[in-house]
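The chain contents come next:
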Amino acid sequence: MDEHGLIWRTLALDSGVSEAKMNRAIRQQWILPVGRGVYVRAKDLPEDPGERKRELFRHRSLAAAIGLERNAPDGGRTLSHQSAASLLGLQLLLPDLGTIHITNGRSAGGKLIEGRMVHAGLLDEDDVTVVGGVRVTSLARTAVDVALSLSDFAQILTVFDSALRAGVAREELERRLMGPRHGVAAARHALAYANGLSDNPGESWSRAQIIECGLPVPILQSKYELRDGAIVFCDYDWEGKAVGEFDGFKKYRRTLLKPGTDPEDAVTAEKIREDKLRDLGLGVIRWWWEHLVTRTLEAHLRQNLPRWGVVL
């Protein structure tokens, strides 16, 4: 296994692993393919199905990039778009994890072949960075490339939120969106609403639906001091009258589940926090992934925001 957690069949066989042992590991799914003759250990992958798929895609992208470096180190081909995003840590909303994306560094020659999309495109020096020893497009270039390849407002907003959260300057994104290009109008529209304080794709998707349905756009990550002196931050805030909280499962697991606790403990702790916010005179509105997937967030907010004096 190399420093990236990849198992290369040829290297394993050269090191003394038998064909029979290798084939048994593949058959028993102890190792999973992420490229031609490249595998990862199943036990190293996350248990959550969504995270597992994203991690497999990251390894597939990494294996493809390493293959490019080995076969054509000076070829100018660079991992890009969703594949670069997976290595750079840019969070995307409902990404396509079926295709590896590569930019060829030329003005022509784009093609789709064997699960790989080769994009034609020139790459300047500031368009490329190195991650784990392989060439990938930079954060700013990747965010813009992904945004221009999409048409859905929520997905475009999510990638720009993530880029700003990662430290990319808004001015840099605006500069890269200058001039006529396919998809640039939609990308500029989404960038105008982008906010690096949005913590994850679910929060970006929530805000996208709020914007699209014409509801008042809340401020993000507002700070409140509770009566017991504790400081809390709320996902969304409407005029200091009502706060909104998007409850994704990962949020519970990441921020509330401590060693020795379980999901019921987390829910109880969140309910106590909610009561303490209400003690400040705030309305507290919650929603979940189901509201986003079924597009019922608008109705949920229109029903609850006026109860706390928020004018729609």
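Scroll up to find the structure.
Worth saying up front: this structure is predicted, and the values here are computed from it rather than measured. (Residues numbered from 1 in each chain as written. Predicted model: local features only at pLDDT ≥ 70, side-chain atom pairs only at ≥ 80, totals over all residues. Heavy atoms only, no water.)

Secondary structure summary: the chain contains 13 helices and 13 strands in total. Seen along its three principal axes, the alpha-carbon backbone of the chain occupies a region of about 70 × 55 × 35 Å. Counting every position in the chain, which comprises 312 residues, the buried fraction comes to 45%. When contacts within the chain are restricted to residue pairs at least 6 apart in sequence, long-range pairs at least 24 apart make up 56% of them. Split by element, the accessible area of the chain, about 16100 Å² in all, is 53% carbon and sulfur. Looking at the chain, you have 42 positive and 42 negative side-chain charges, and the mean spots of the two groups are 4 Å apart. (Helix = DSSP H or I, 4+ residues; strand = E, 2+ residues; numbered from the N terminus. Buried < 20%, exposed > 50% of the residue type's maximum accessible area, 1.4 Å probe, protein only. Contact = heavy atoms within 4.5 Å. Areas by Shrake-Rupley, 256 points an atom, 1.4 Å probe, with all protein chains shown as cover. Lys, Arg positive; Asp, Glu negative; His and termini not counted. Charge placed at Lys NZ, Arg CZ, Asp CG, Glu CD.)

Let's shift gears to the pattern of salt bridges. On inspection of all chains with the given rule, the structure shows 21 salt bridges. Glutamate 55 is the salt-bridge partner of arginine 58, the closest N and O atoms lying 2.8 Å from each other. With arginine 58 and glutamate 55 both in helix H3 (residues 49-71) and 3 residues apart, the pair spans about one turn of that helix. Take glutamate 55: its relative accessible area is 21%, and that puts it in the partly exposed class. (Salt bridge = Lys/Arg side-chain N within 4 Å of Asp/Glu carboxyl O.)

As a packed pair, helix H6 (residues 153-165) and helix H8 (residues 184-193) sit with axes 9 Å apart at the nearest point and diverge in direction by 55°. When the interaxial angle is binned, H6 and H8 end up oblique. Along this stretch, H6 crosses H8, giving a crossing that reads as right-handed. Counted together, Phe153, Ile156, Leu157 and Phe160 of H6 and Ala186, Ala187, His189, Ala190, Leu191 and Tyr193 of H8 form the full contact between these two elements. (Axes fitted to C-alpha atoms, helices over the stretch in contact; angles between N-to-C directions. Parallel < 35°, antiparallel > 145°, perpendicular 65-115°, else oblique. Left-handed = near helix turned anticlockwise from the far one by under 90°.)

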